[in-house]
Structures are given as structure tokens and as C-alpha cells.
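One-letter residues, chain by chain:
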Amino acid sequence: MAPTVPEDTIDDTVISTIMGEDDKQIMTATESEGSVVSSGTETIDSDIENIPTAGLKCDLLFNVFQNRAYEEPEFMRRLRVILQFNVLKNGKQACIWTADNKSFADVRCYREPAQGVKPDCIVAMDDDDIFGVMLGKINPQRLFMRGKIKVKGNVMLMQRLNTLWIEFQRLGKAPEIPLVAEVLLDHSLTPGLKSEFIIIELIQRIIRIPSLFHTAPGIHQIIITKDGKEVAYWLISLVDGTPKILRGQDPKAISCMIIDDVDFARLVLMKMRLNEGIANGRIVVRGEKEKLLGLDKLFTTPTSVRSNL
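Figured I'd write up the structure that's included with this text.

Definitions and cut-offs
- Residues numbered from 1 in each chain as written.
- Predicted model: local features only at pLDDT ≥ 70, side-chain atom pairs only at ≥ 80, totals over all residues.
- Heavy atoms only, no water.
- Helix = DSSP H or I, 4+ residues; strand = E, 2+ residues; numbered from the N terminus.
- Buried < 20%, exposed > 50% of the residue type's maximum accessible area, 1.4 Å probe, protein only.
- Contact = heavy atoms within 4.5 Å.
- Areas by Shrake-Rupley, 256 points an atom, 1.4 Å probe, with all protein chains shown as cover.
- Core = buried A, V, L, I, M, F, W, Y, C linked by side-chain atoms within 4.5 Å.
- Expected span 1.5 Å × (residues − 1).
- Polar contact = N/O pair within 3.5 Å; in protein donor to acceptor, adjacent residues only side chain to side chain.
- Pairing = 2+ DSSP bridges.
- Axes fitted to C-alpha atoms, helices over the stretch in contact; angles between N-to-C directions.
- Parallel < 35°, antiparallel > 145°, perpendicular 65-115°, else oblique.
- Left-handed = near helix turned anticlockwise from the far one by under 90°.
- Nonpolar A, V, L, I, M, F, W, Y, C, P; charged D, E, K, R; others polar.

What about the overall build of the protein?
Item 1. Across its full length, the protein holds 12 helices and 12 strands.
Item 2. Counting all 309 residues of the protein, 50% fall into the buried class.
Item 3. Across the protein, the fraction of contacts at a sequence separation of at least 24, relative to all contacts at a separation of at least 6, is 70%.
Item 4. Of the roughly 14800 Å² that the protein leaves accessible, carbon and sulfur atoms contribute 51%.

Below you can see the structure in the form of C-alpha cells.
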């Protein structure tokens, strides 16, 4: 009888697809150090400028992976590896992500090719497939068999990373994953909006701040604008004991925040305070202002905190 292959692992007997010549690498934004520079009369904040706006789901997922890895360094040291992901969209290379857990004391994820080091494994796969695999919705072995994943280098390292990440989720160390799935599984991201990426920060925070049910109970509407036009709608739901961040509109929301796309990024990255934005008119409020201010902790709590392990 043939051995049973677990749903969450890759059988090395079927990993035989090797990538040909490396795809032409696309240079993208470098890892941000949060610097602020002046260009003439305009001030440029690199944290804001470097926010991905390509509308790729992998950008959000690597953000989650980086933050969770930062909080669980001992767990992540079980696998020392450098993986480069050449992410495809509609058959064309869209971006490159590198996860380096060998060159540094802790995991570093950055949106560009491996810097100054040779990857142990280079993986080429579609953005939606990466999303499905990281959420445990797609069996990567089946993708290999269908030729939808191409690998160059030590393919066993990819198998071990996938198994480690699945175990990580099963241990409850990434509780935001179900919320991420709910937001992204049946919805595409809108290219050109920084809020489409930065919303992942709030999703990771809201699950860890139960006090919000006391300070801001109810449903809150966020309307994102760009060039004076409404371009995206989000809901912060703090009802029934389950925090959620969802797409959509709710006319019964107890508060409504109308904010420019870039200002929303600044708010989430703690470069602007909620009360200050309201006071200077950069945030327009409808409904119960005090209830909206009760969300302040959501915009002032760091997304990732180092583990005590």
C-alpha cells in the first residue's frame, strides 16, 4: 500500500519540477528604516512611500509571517533557511519576497531579491496560490503535481517551512489567520491604495486587544478616500465577542471615519493620532465621536511584540 501523504506537507517523491533560468528580477521597494527626507517643499516618509500598492495578497501574508516570526524566535530557529519567492500574477512576475532565517539572529522578510546571500531555495508560484497554501486552503503537493509551483535549489527546505508554518497555526500562534482569510479569500485587493496593505496591521492588532469591546462596542465604518473620492469601505465590528474587520458598508454603524488613503496609513503606523486627525480636519467623523475615540488603542498599539521566550 502506498504511504498516505498528509494534507499539510509536500511529499519529496513528487517534488521533481525544477525551475529553469531565473526569471528577470523585479526591483521593488527596499526594507524601510522609517527615514524622513525633504524633496524641495515636500516631506517624504519612507515608511509611507514603501507601502506596497500592487494589490497582491502575498504582501499582506508576508507581513503577518514576519510579525509572528518576530514574536516566536525560538520556534522559528528550528529551521535556518533563506527562501526567495518569485511571485507571479497572470503568469508574469509581479514581485519578489525573501524570507531569511539564516543570515540574521531572527527572521527577516523583505520585498526584494535575496541581498548579499544565495537563497537555499527559489520558489516561483502565483500570488493566489501562495495565499491558499499559507492559509492551509491548498495542498502544495497538488500544485507541484499540476506544475503550478517551480522550485530551484533544496526543495526539502520548502517542505519543512510549510510543515512548520502549519504547526505554528495549529498551536494558535497566528490567531489572525481566520480574519485574514475572511477578508481576502473571496475578494481581490485594489491596486494603488496603501490602505489595502495597511489594513493587515489592524487585523493583527484587533484580535489581541479585547478591551476594545468595552471602550468602543458596536460597528464602526471607515471610508477611504483618494483625490477626494470614496474608494474603499471597511467595517470594524466589535459585537458578539468576536472582533472582525470586514469590507463593506453598514448604515447602522455607530460611528463613521472618513479619511484619505495616505492619512489612513499614517494613522495605522502611528504617525498621526486619532484625536489630532479629527481636530485638524484630516479625519471627518459622523455618528458617535466618543465611541470612535474608543478605538484609539487600535491605532496606538504596536502590531508585534517580542516574545519573552
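Some details on the nonpolar core
Item 1. In this structure, Phe65, Met257, Ile259, Phe264 and Phe299 are the most contacted members of the largest nonpolar core, which totals 81 residues.
Item 2. Discounting chain neighbours no more than four positions away, the residues touching Met257 are Gln221, Ile222, Ile223, Leu267, Leu274, Ile283, Val284, Leu292 and Phe299.

Considerations on helix 6 (residues 155–170)
Item 1. A rise of 1.5 Å per residue sets the reference length of helix 6, with its 16 residues, at 22 Å; its end C-alpha atoms lie 23 Å apart and thus fit the reference within 8%.
Item 2. Listing the buried residues of helix 6 in full gives Val155, Leu157, Met158, Gln159, Leu161, Asn162, Leu164, Trp165, Ile166, Phe168 and Gln169.
Item 3. Residue Asn154 occupies the N-cap position of helix 6, its side-chain oxygen lying 3.2 Å from the main-chain nitrogen of Met156.
Item 4. Where helix 6 terminates, the next one or two residues include Gly172, which has phi positive at roughly 75 degrees.

Considering the side chain of Lys57
Item 1. Relative to the helices and strands, Lys57 resides in helix 2 (residues 57–71).
Item 2. For Lys57, a relative accessible area of 9% puts it in the buried group.
Item 3. Leave out the neighbours within four places in its chain, and Lys57 touches Asp127, Asp128, Phe131, Leu184, Leu185, His187 and Leu189.

Brief notes about the sheet that holds strand 9 (residues 229–239)
Item 1. Spatial strand order, 10-9-8-11-12: 5 strands in an open sheet with mixed pairing. The open sheet is flanked by strand 10 (242–247) and strand 12 (283–287), the only strands paired with a single partner. Shown here is a sheet whose adjacent strand axes are inclined to one another by a mean of 20 degrees, direction ignored.
Item 2. Relative to strand 12, strand 11 (residues 255–260) runs antiparallel, the two sharing 5 bridges. Within strand 12, the position partnered with Ile258 by the bridge is Val284.
Item 3. Contacting strand 9 and strand 10, helix 7 (residues 177–184) runs over the sheet at an angle of about 25 degrees to strand 10.

Observations regarding the packing of helix 7 against helix 8 (residues 195–206)
Item 1. One can describe the packing of helix 7 onto helix 8 by two numbers: an axis separation of 9 Å at closest approach and a directional angle of 140 degrees. In terms of orientation, helix 7 lies oblique with respect to helix 8. Crossing angle aside, the handedness with which helix 7 passes helix 8 is right-handed. In this structure, helix 7 contributes Leu179, Val180 and Val183 to the contact, and helix 8 contributes Ile200, Ile203 and Ile206.
Item 2. Residues that form the contact of helix 7 with helix 8 fall into these classes: 6 nonpolar, no polar and no charged.

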